[in-house]
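Chain residues, written in single-letter form:
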Amino acid sequence: MFESIATALGPEFYQYLLAGLVTGLLYALIALGYTMVYGIIELINFAHGDLFMLGAFFALQLGIWVGAADAKGQATGQSAILAVAVMLVAAPVFCASLNVFVDRAVYKPLRTAPKLAPLVSAIGVSFIFMNAGVFWMGTYDLNFPALVPNTNLTPDWTVAITYQHLMVLLVTIPVMVGLTLFVRYTALGKAMRATAQNPTAAQLMGINVDRVITATFAIGGALAGVAAVVYGLYVNSAGYQMGFQTGLFAFTAAVLGGIGNIPGAVLGGILIGIIEKLGTGYVGDQWRQPLIFAILIVILIFRPNGILGARTREKV
Amino acid sequence: MSAAPQAPAPGPLLKVENLEAGYGAINVLHRLSLYVDPGEIVTIIGANGAGKSTTLNTVCGVVKTRAGRIHFDGRLLTGTPAHDVVRLGLAQSPEGRKIFPRLTVRENLEMGAFTRRDPEGVREDIQKSYQMFPILEKRQAQPGGLLSGGEQQMLAIARALMSRPKLLLLDEPSLGLAPQIVVQIFDIIKELNQKQGMSVLLVEQNARMALKVAHRGYVLETGRITVTDNAAALLHDPRIREAYLGE
């Protein structure tokens, strides 16, 4: 059946599917930051997309400092590998630190306040981040250096797989596998799951819930940092508004998968990516956003718990 | 064992003096004092809303102490954050069980040993829990949320014991359970006390069951201790019989 659909849709189907998978994995990394924070403190961190944007700016800045990019963000052809390595280490650290700082400064004092207070504060932080981005890099879209080449590795196939595609797969998939193992098997990971399921009981077990929250913001931030670098290297552009749209798509992915649910965020991300690329390919680029947000509305009406969410919100 | 047997700390294991605590503008506990000696089962009985759970949660550090002092095992406990209290040897089986619904039974037990750094000992203690509650072994791979109320209560007690506490705090273990299950749970509490010398502070609305297993009891009314005596004496006190035993 899949074959016949593919034939009917033409040879570009597989190309759209690949692009959707790759974009979806990036959304998934960002969606994980939304879903993990929500799972622990029931906050929709609306600043998360803009944290991703600042991560991309930071990576771009690093590329310029290392000499891999000129002042306009064009690749110079030098120190490409060094720049990628530095970006992949430093951008997650930067985003993790910033996320933890914002939690301590803004959300923590509101921990016992009604849920609306931290939510509105998160929207405020989103504006602050966006304006910081404008102050840092201006309002025009910038190049992000193409440090990973766009060479077609499979000229004989109907689907063109490039180094950029491989880079996204090789970075995002191990990170997600690592996160899953971390949450399953480490003491901190177990503490995070326990806290998400019942914070009072977690305290009674001897879990320092404040520390778990800090760790959650750090991990969510680091994932956004990784996503920012990989996104920049894949799309080769950056701008102060990139976090707004990408953040909303990733948020939709988290809701689609079931907010608070880690495998759900990954599944939702991949689905949103594929829907976006197929929609762009067959319906038209101008329908991309309406399509995604129509999905968001439909889920919120008919299945607010998301695809895997049936297991997430039950209370004993 | 090379260490000489430790002399029991002089005085009570838990000593609460003039405790005040509450939520927001409301004080729930008013100058509440009580103690638990090593090896004792002490019960706090009282009506819904009298402050029984607040008392336990204040001792555990989940609710802030506003005034008064709590000593445990010879040291001042007041102001210790909840997550450090368990390390000192106090464990609670909370009201409503508060099982982790999406962790398996075994993982729930492992969470109870979160503060311990002896995986071997933890594994042994899990086996001991299974001996005490064979149903938990049968259900060990199931999510805690799928257990029946009685099974969840057993899991909550077993989970609390996993930290090897010196004092076990039990909040309404009979709540919502069928009478035979309640009898079973109280038999286990008695056995824990008699065979392992476990000290227990038991909060109950089911005053009759609680006074039958306890050595001493306190009656809590709107945040104040109004009566305290031996459990047997309380069982025969006409005022208690009328107010709490339905006679």
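Look a little higher up for the structure.
About the criteria used
Residues numbered from 1 in each chain as written. Chains lettered and ligands numbered in written order. Predicted model: local features only at pLDDT ≥ 70, side-chain atom pairs only at ≥ 80, totals over all residues. Heavy atoms only, no water. Helix = DSSP H or I, 4+ residues; strand = E, 2+ residues; numbered from the N terminus. Rg over C-alpha atoms; globule rule 2.2 N^0.38 Å. Buried < 20%, exposed > 50% of the residue type's maximum accessible area, 1.4 Å probe, protein only. Areas by Shrake-Rupley, 256 points an atom, 1.4 Å probe, with all protein chains shown as cover. Contact = heavy atoms within 4.5 Å. Buried area = accessible area lost by both parts, 1.4 Å probe. Salt bridge = Lys/Arg side-chain N within 4 Å of Asp/Glu carboxyl O. Polar contact = N/O pair within 3.5 Å; in protein donor to acceptor, adjacent residues only side chain to side chain. Patch = residues over 30% accessible without salt bridge, like charges linked within 9 Å, V, L, I, M, F, W, Y side chains within 5 Å. Expected span 1.5 Å × (residues − 1). Core = buried A, V, L, I, M, F, W, Y, C linked by side-chain atoms within 4.5 Å. Phe/Tyr/Trp six-rings, centres within 6.5 Å; stacked < 30°, edge-to-face > 60°. Lys NZ or Arg CZ within 6 Å of the ring centre and 35° of its normal. Pairing = 2+ DSSP bridges. Axes fitted to C-alpha atoms, helices over the stretch in contact; angles between N-to-C directions.

**Quick word on the overall build of chain B**
Helix and strand counts for chain B come out as 10 helices and 10 strands. The C-alpha radius of gyration computed for chain B amounts to 18 Å, which stays within 12% of the reference 18 Å derived for 247 residues, consistent with globular compactness. Judged by the C-alpha coordinates and their principal axes, chain B covers about 45 × 40 × 40 Å. The buried share of chain B, reckoned over its 247 residues, is 52%. Counting every atom, chain B has about 11,200 Å² of accessible surface; 51% of that belongs to carbon and sulfur.

**Describing the interface of chain A and chain B**
The accessible area lost on association of the parts is a frequent measure of interface size. Counting from both sides, the interface comprises 21 residues of chain A and, opposite them, 22 residues of chain B. Roughly 2,100 Å² is buried in total at the junction of chain A and chain B, and carbon and sulfur atoms are behind 64% of that figure. There are 2 salt bridges connecting chain A and chain B. K190 of chain A is the salt-bridge partner of E110 of chain B, the closest N and O atoms lying 3.7 Å from each other. The interface formed by chain A and chain B holds 5 residue pairs in polar contact (both at pLDDT 80 or more) in total. When residues of the side of chain A that touches chain B are traced back to their parent elements, those giving at least two are helix 7 (187-197) and helix 8 (199-204) of chain A. In terms of residue count, the dominant contributor to the side of chain A that touches chain B is helix 7 of chain A (6 residues).

**Some thoughts on a nonpolar patch on the surface**
Residues and elements named next belong to chain A. Together, L153, Y163, L166 and L170 make up a nonpolar patch on the protein surface, roughly 370 Å² of accessible area in all. Turning to its location among the elements, Y163 is positioned in helix 6 (residues 163-185). You can call Y163 partly exposed: its relative accessible area is 40%.

**A few points about helix 9 (residues 209-235) of chain A**
Residues and elements named next belong to chain A. Across its 27 residues, helix 9 extends 38 Å between first and last C-alpha, which sits within 8% of the 39 Å expected from 1.5 Å per residue. By the N-cap criterion, in which a side-chain oxygen at the helix start approaches the backbone nitrogen of a residue two or three places on, helix 9 is capped by N208, the distance to D210 being 3.2 Å. Among the residues trailing helix 9, N236 stands out with phi positive, at a value near 60°.

**Notes on the nonpolar core**
I207 of chain A together with L14, L167 and L201 of chain B are the most contacted members of the largest nonpolar core, which totals 129 residues. If we ignore the near neighbours within four places in the chain, the residues touching L167 of chain B are L13, L14, V36, F72, G89, L90, A91, S199, V200 and L201 of chain B. If you look at the next biggest cluster of nonpolar residues, it comprises 47 residues, including I126, I189, L211 and V219 of chain B.

**What to know about the packing of aromatic side chains**
In this structure the tally under the stated criterion is 11 aromatic pairs over all chains. Arranged with centres 5.7 Å apart and planes meeting at 80°, the rings of Y27 of chain A and F249 of chain A form a pair that is edge-to-face. Placement of the pair is Y27 of chain A in helix 2 (residues 12-41) and F249 of chain A in helix 10 (residues 242-257), with a sequence separation of 222 residues. Here F249 of chain A falls in the buried class, since its relative accessible area comes to 0%. Their ring planes at 70° and their centres at 5.7 Å tell us that F249 of chain A and F293 of chain A sit as a pair that is edge-to-face. You can see F249 of chain A sitting in helix 10 and its partner F293 of chain A sitting in helix 12 (residues 288-302), a full 44 residues away along the chain. Among the aromatic residues, ring-to-ring pairing joins F57, F58, F94 and W136 of chain A into one connected group. Above the plane of the ring of Y35 of chain B lies R216 of chain B, whose end atom (NZ or CZ) is 3.9 Å from the centre.

**Describing the sheet that holds strand 3 (residues 41-46) of chain B**
Residues and elements named next belong to chain B. Read across the sheet, 6 strands follow the order 6-7-8-3-9-10 without closing on themselves; strand pairing throughout is mixed. Edge positions in the open sheet fall to strand 6 (90-93) and strand 10 (224-230), since each of these has one partner strand only. On average, each strand axis in the sheet is tilted by 15° relative to the strand beside it, whichever way the strands run. In this structure, strand 9 (residues 216-221) lies alongside strand 10, joined through 6 bridges in antiparallel fashion. Counted as the bridge partner of L220 is I225 from strand 10. Against the sheet, helix 1 (residues 52-59) contacts strand 3, strand 6, strand 7 (167-171), strand 8 (199-204) and strand 9, and its axis sits at roughly 145° relative to strand 7.

**With respect to the pattern of salt bridges**
Evaluation of the coordinates by the stated rule reveals 20 salt bridges over all chains. Residue E107 of chain B is joined to R193 of chain A by a salt bridge in which the shortest nitrogen-to-oxygen separation is 3.4 Å. Taken as a pair, E107 of chain B in helix 3 (residues 105-112) and R193 of chain A in helix 7 lie in two separate chains rather than in one. R193 of chain A sits in the buried class, given a relative accessible area of 15%. The closest approach of N and O atoms between D285 of chain A and R288 of chain A, which form a salt bridge, is 3.4 Å. A relative accessible area of 18% means that R288 of chain A is categorised as buried. Connected through shared salt-bridge partners, R116, D118, D125, K128 and R164 of chain B make up one network.

**Notes on the environment of R123 of chain B**
Relative to the assigned elements, R123 of chain B resides in helix 4 (residues 119-132). Spatially, the C-alpha atom of R123 of chain B lies 8.6 Å from that of E110 of chain B, the residues being 13 residues apart in sequence.

**Some details on the sheet that holds strand 1 (residues 14-23) of chain B**
Across a sheet, paired strands are connected by hydrogen bonds in the backbone, their directions being either parallel or antiparallel. All names here are of chain B. With antiparallel pairing, the 4 strands of this open sheet are ordered in space as 2-1-4-5. Two strands in the sheet have a free side with no partner beyond their single neighbour: strand 2 (26-36) and strand 5 (75-76). Pairing of strand 1 with strand 2, which is carried by 7 bridges, proceeds in the antiparallel orientation. Residue pairing across strands places A21 opposite L29, the latter belonging to strand 2. Running over the sheet, helix 1 touches strand 1, strand 2 and strand 4 (65-72) and is turned about 70° from strand 2.

**Quick word on helix 6 of chain A**
Residues and elements named next belong to chain A. Here helix 6 contains 23 residues, and its C-alpha end-to-end distance of 33 Å stays within 8% of the 33 Å for a straight helix at 1.5 Å per residue. Three or more residues of helix 6 are buried, namely Q164, H165, M167, V168, V171, T172, M176, L179 and V183. If you check the start of helix 6, you find a side-chain oxygen 3.2 Å away from the backbone N of Q164, and it comes from T162.

**Things to note about the environment of I44 of chain B**
Residue and element names in this part refer to chain B. Residue position: I44 is located in strand 3. In the structure, I44 is positioned 12 residues away from L56 in sequence and 9.8 Å away in space, judged by C-alpha atoms. Ignoring sequence-local partners within four residues, the contact set of I44 consists of L34, K52, T55, L201, L202, V203, E204, Y218 and L220.

**A word on unusual backbone geometry**
All names here are of chain A. Backbone geometry places E42, a non-glycine residue, at a positive phi of 55°. Relative to the elements of secondary structure, E42 occurs in the loop between helix 2 and helix 3 (48-66). Not every positive phi belongs to a glycine, and S79 is a case in point at roughly 45°. Mapped onto the elements of the fold, S79 is located in the loop between helix 3 and helix 4 (80-107).

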